[in-house]
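Take a look at the letters that make up each chain.
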Amino acid sequence: GRSDGAAGQANLWRADDAELVLDILNLFHPEPNSVFVLGQCMGAAMTMRAFKLASHSADTSPFANAFVFHNATIGTWVPEFEEAVASSNAKVMAWHEVDSDHMREAVCYKNLTRLQKLHPKSVEFFDNDRLRSSDPGSPLILPTDLSPPLPPPRLSRTSDNTVSFKVPTPEIVTRVVNFFNRPLTKKEEWKAPTNVTALEDKNFEASSRFKVFVRVRPLLPREAEGRTCVAVQSETDVEVDKKRFKFSRVLGQESTEANLHNTADEVITGALTNPDKNGVIFAYGQTGSGKTFTISQLMERIKVHAPDDITLRYIQVYNDEIYDMFRSNLKLPSLKAATALALDSSDDVLAVVEDANSAHRTTSATQMNEHSSRSHSLLYIDAKGGGTLCVVDLAGSERVRRSRATGKSLKEATEINTSLLALIRVLNSTIDPKAKHVPTRDCKLTKLIAPVFLDKTCSASLYACISPAEDSRSETTSTLKFAAGSTFVGAKRKRRKQATKWKKSFSGEERDELAENFEKNDAELQVDGALVDISSGSGTTIFTRGLRAPRLDEPVTTLLLLHYYGGACRDDGSAACWDTDDLRQYHEALIEVGVNARILVPDIPGHGRSPGPAPPSTPEKKPLSHFVSDVMVPLLDYFGCDERTVCHGFDWGGGCAVALAQTVPYRVKGVVAHNASYRLEDGQREDLSWMKLVPHRAAVWTESIWHSKVKAALIGKQLGVKFTKVKGELKVMEETVRVVRLVGEG
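What you see is a predicted model, and the numbers here were worked out from it, not measured in a lab.

### Description of the overall build of the protein chain
Then comes step 1: Looking only at helices and strands, one finds 21 helices and 31 strands in the protein chain.
Then comes step 2: Across the 746 residues in the protein chain, those meeting the buried criterion constitute 50%.
Then comes step 3: When contacts within the protein chain are restricted to residue pairs at least 6 apart in sequence, long-range pairs at least 24 apart make up 73% of them.

### Regarding the environment of Val78
Then comes step 1: Looking at where Val78 falls in the secondary structure, it is placed in the loop between strand 2 (63-70) and helix 3 (79-86).
Then comes step 2: For Val78, a relative accessible area of 4% puts it in the buried group.
Then comes step 3: With 33 residues separating them in the primary sequence, Val78 and Ala45 have C-alpha atoms 8.9 Å apart.

### Describing the side chain of Asp265
Then comes step 1: Within the secondary structure, Asp265 is located in helix 7 (residues 257-273).
Then comes step 2: By relative accessible area, which is 17% here, Asp265 ends up buried.

### Topic: the packing of aromatic side chains
Then comes step 1: Here the structure, examined in full by the defined rule, presents 24 aromatic pairs.
Then comes step 2: Residues Phe51 and Phe81 carry aromatic rings whose centres are separated by 5.5 Å and whose planes lie at 80° to one another, so their mutual orientation is edge-to-face. On the criterion of sequence distance, the pair formed by Phe51 in helix 2 (residues 42-53) and Phe81 in helix 3 is long-range, its members being 30 residues apart.
Then comes step 3: Assessed through its relative accessible area of 3%, Phe51 is described here as buried.
Then comes step 4: When its relative accessible area of 0% is taken as the criterion, Phe81 is described as buried.
Then comes step 5: Members of the aromatic cluster, connected to one another through ring pairs, are Phe51, Phe63, Phe67, Phe69 and Phe81.
Then comes step 6: Here the guanidinium or amino end of Lys91 rests over the ring plane of Phe179, the centre of that ring lying 4.9 Å away.
Then comes step 7: Taking NZ or CZ as reference, Lys243 lies 5.8 Å from the ring centre of Phe245, over its face.

### Quick word on the nonpolar core
If you look at soluble globular proteins, the nonpolar side chains tend to sit buried side by side.
Then comes step 1: Counting 53 residues, the largest nonpolar core has Phe247, Ile315 and Leu378 as the members making the most contacts within it.
Then comes step 2: Not counting chain neighbours up to four residues away, the residues in contact with Leu378 comprise Arg313, Tyr314, Ile315, Val317, Cys390, Val391, Val392, Leu448 and Ile449.
Then comes step 3: Within the second largest apolar cluster, 44 residues are counted, among which are Ile534, Ile542, Val631 and Ala661.

### A word on the sheet that holds strand 27 (residues 597-602)
Then comes step 1: In spatial order, the strands read 24-25-27-26-28-29-30-31; together these 8 strands make up an open sheet with mixed pairing. Both outer strands of the open sheet, strand 24 (530-533) and strand 31 (724-725), are each paired with one neighbouring strand and no more.
Then comes step 2: The pairing of strand 26 (residues 557-562) with strand 28 (residues 645-650) spans 5 bridges and is classified as parallel. Looking at strand 28, one finds that Thr558 is bridged to Thr645.
Then comes step 3: Sheet strands touched by helix 19 (residues 652-663): strand 26, strand 28 and strand 29 (670-674). Its angle to strand 28, the strand with the most contacts, is close to 145°.

Rules used throughout
Residues numbered from 1 in each chain as written. Predicted model: local features only at pLDDT ≥ 70, side-chain atom pairs only at ≥ 80, totals over all residues. Heavy atoms only, no water. Helix = DSSP H or I, 4+ residues; strand = E, 2+ residues; numbered from the N terminus. Buried < 20%, exposed > 50% of the residue type's maximum accessible area, 1.4 Å probe, protein only. Contact = heavy atoms within 4.5 Å. Phe/Tyr/Trp six-rings, centres within 6.5 Å; stacked < 30°, edge-to-face > 60°. Lys NZ or Arg CZ within 6 Å of the ring centre and 35° of its normal. Core = buried A, V, L, I, M, F, W, Y, C linked by side-chain atoms within 4.5 Å. Pairing = 2+ DSSP bridges. Axes fitted to C-alpha atoms, helices over the stretch in contact; angles between N-to-C directions.

Next up, the structure:
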């Protein structure tokens, strides 16, 4: 055509064609995940190789992961492209026209045919010749026409006298456009939690061998006048985008070098003094976030703790190859081949490492960092009488749109991002409870630091370095999410408490005792109330009002009413909620629906006419379950109440009703929580098995400034029911009578 330069012949595959594709795309600064490809012949081959070279991350890869090919021709198949198809990260629509240059025996034809069978939702492959034979009029046949040669100037391949071009049918055009617009059918992929850390997830116990620290670098002069995106809330908490994360320690902009050293002492001393322990320290974050500076400060601490007799090995991983930093960047087959440099004094460590960095560490300037590390460096310190400490300075993750990397720097950026993505895959697989394999061999970096994830004797400290600048918000958020996921490495899932084996009913002796108490004490129930000793003569008395059942020769159902805490109840007790007329109205309503019921209405201790200190109002001071066992159960025993009992509570009393049902569910068959105020005690799990013993449950809400709808929904959830909104005390009574009737009917 009109491009100059030497053409790459079919039998001489250009080593740089992938870079060429990415360089051309980079000229136009495409948005990530925005480039669709129509690839013909070797154009398809270039695309697949460029796809491999580009990071598969949506942050950096220009490709939209949807490809249309015609007569794809390639020397060596690209496994990474097939892997993307297999994992539903890419889809292909391809045509093949058999001719002397494009046979069915070709690599692409065989592999596309195979992929179509394996992944029919991701690959559509049409053989034009076979379509013509089976369906000559098929609109899916892609026609090929020939035209005269292009007019001058022609700068290459001037001997060509014709140019072939494709004339797709309208049906094919529509199909291709729909193909590009159709979203990928993603397979469900497990990922490490990124919105919560193991230190705050109640289902996990964070590992003591793998700790994650966050370090916020100071603002640069050019950033000083701008806004910040990070707020350090405490020594362990940091917030970005209104999301708060908890880590082992958060080092803010004002933190000192001594603060940093204190976080690393455990790993450093453990690895350098204990022959049974190894340690890894590594820094992660975007380019320009202060990783290398953090590592250099930690090296000062290592010098202090390291014994004099140590051996160093120092390598860098550049473009997924290992190089010896002590031997003029000699390319190495593995870590074992690295130079072992023995030192007589730990004082020499810093000078030796700094000299190697100055001479051999690969860096370059980008728009984001004037001295951007383009390799991952790993320093191994073997101590006599101790273990091995590995110090890893990871190259920074990089958004090509911001760094404006091109050419060599672009290739470096894609390799860096690819290796960091491999690190994330290792992280996810390590934490995934269903993972059968941890892909530590995906790249040189993950293979080298595999002990961090697989060796349980290896302690590690990860330093997530972040920028507080507003223009780094996206990168900072990504780093914190990676750090959050990392806290789950080595974390133990807390064993779920087995469902409580509830006592299901009274024993024969207990029933006899309840019957005896009923005969002896039921007569004490009177509408005006009386003090009753509920503790077998020990002096614990509760003022109790009530109404007896109309028929004592039939089974009796008990309605227990519990009032709210404090306020008017402090002086008037239960009468502040239900006066004598209210009790008679309840009693009459129960008789009207045919229930042989009695009503029991105590004043809780410290309220009304019940003596003694009031129970705590919140579970932090003393759990409600104590009030249940100390007061409510003895009260029920005193009056001989069996399981035919319904507990109705208002406000705090509603919480007590819930606590009674959850603590001793065999004592009640029904519970009504009216505008209840209750929350689970610290560390308490919601064990729903009690609900089988308490079949009749209701949450009732009447709108007020003290009782929110949200709270009513929460109480309903704890009771396993939807709350019912009612207006007026009469409707509340109707709901309670309904529950008592159900219990009375058995």
